Amino acid sequence: RRIIANDGTVLNSIGMQTIVMRKPHMPDVVIPLGFSTSFVTISNDASFAIAQSSDVNPSMWLIDLYTYQSVQFLWAYEGVTQPALSEDGMTLLFLSGANWAATNDSLAVQVWTMDMITGSLRQWTHEPSGIAEATISGDGLVVWAATKDGRLIRVDGLSGETQVLLNSAP
């Protein structure tokens, strides 16, 4: 998960209702937010950030790093967590137990992506035990995830094939 952009811009979410942005050779900027953060990630070009609220049911907020404006753009009763961006910033990966695609009746936490242009959602995993952690490749075509039952999986975005890379201990 990226907190440093290609130009060296760094974001620090200090757990309160602010994010500190540090750009090389510039004074720090404290960005006020209307919510407390528990996690933040930055786009490679340092134009925007995605922040996860620290609510009981976390939501995602888009923060414009030029205007310092923020808007809530992704919410589910089951929560949305662990944001990660593809290199071009056009694909957002996150975890949620939501059933948006009507294929997650158990409400186990799964890997989802959102197209940042169209807003369309895609469910990448269908793990009965759920997903503990995940990340996305730079090109947005591969997801790696750790399942809650201890397996490491790789999901190909083009074929949809899931490969088990590491099985849990017996």
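Residues numbered from 1 in each chain as written. Predicted model: local features only at pLDDT ≥ 70, side-chain atom pairs only at ≥ 80, totals over all residues. Heavy atoms only, no water.

Caption draft 1: How the structure looks around the sheet that holds strand E12 (residues 131-136). Strand order in this open sheet of 4 strands is E12-E13-E14-E15, and the pairing throughout is antiparallel. Unpaired on one side and paired on the other, E12 and strand E15 (162-166) mark the two borders of the sheet. Across the sheet, the axes of successive neighbouring strands diverge by a mean angle of 25°, strand direction being ignored. Looking at chain direction, strand E13 (residues 142-147) and strand E14 (residues 152-156) are connected through 5 bridges and run antiparallel. The residue bridging Ala-146 from the neighbouring strand is Leu-152, located in E14. (Pairing = 2+ DSSP bridges. Helix = DSSP H or I, 4+ residues; strand = E, 2+ residues; numbered from the N terminus. Axes fitted to C-alpha atoms, helices over the stretch in contact; angles between N-to-C directions.)

Caption draft 2: Looking closely at the environment of Ala-84. Checked against the element boundaries, Ala-84 lands in strand E8 (residues 80-85). A residue is classified by how much of its surface remains accessible, and Ala-84, at 3% relative accessible area, is buried. Separated by 10 residues in the primary sequence, Ala-84 and Phe-94 place their C-alpha atoms 6.5 Å from one another. (Buried < 20%, exposed > 50% of the residue type's maximum accessible area, 1.4 Å probe, protein only.)

Caption draft 3: Representation of the sheet that holds E8 within the structure. The strand order E8-E9-E10-E11 describes an open sheet built from 4 strands, whose pairing is antiparallel. Looking along the sheet, the strands with just one partner apiece sit at the ends: E8 and strand E11 (121-123). Neighbour to neighbour, the strand axes of the sheet diverge by 25° on average, direction disregarded. Bridge count between strand E9 (residues 91-96) and strand E10 (residues 110-115): 6 bridges; the pairing is antiparallel. Looking at E10, one finds that Ser-96 is bridged to Gln-110.

Caption draft 4: Geometry of the side chain of Arg-151. The residue Arg-151 is located in the loop between E13 and E14 in this model. Polar side-chain contacts of Arg-151 include one of 3.2 Å to the side chain of Asp-149. Setting aside residues no more than four positions away along its own chain, Arg-151 makes contact with Glu-127, Ala-145, Ala-146, Val-164, Leu-166, Asn-167 and Ser-168. (Polar contact = N/O pair within 3.5 Å; in protein donor to acceptor, adjacent residues only side chain to side chain. Contact = heavy atoms within 4.5 Å.)

Caption draft 5: The packing of aromatic side chains, seen in detail. A full pass over the atoms with the stated rule returns 3 aromatic pairs. On the numbers, 4.2 Å between centres and 20° between planes, the contact of Phe-35 with Trp-61 is stacked. Residue Phe-35 is found in the loop between strand E3 (29-32) and strand E4 (37-42), and its partner Trp-61 is found in strand E6 (residues 60-64); the two are separated by 26 residues along the sequence. Of the two residues, Phe-35 and Trp-61, both sit in the buried class. In textbook terms, an aromatic cluster arises when at least three aromatic residues are bridged by ring pairs, as seen for Phe-94, Trp-100 and Trp-112. The ring of Trp-124 carries the charged tip of Arg-122 above its face, separated from the ring centre by 4.2 Å. (Phe/Tyr/Trp six-rings, centres within 6.5 Å; stacked < 30°, edge-to-face > 60°. Lys NZ or Arg CZ within 6 Å of the ring centre and 35° of its normal.)

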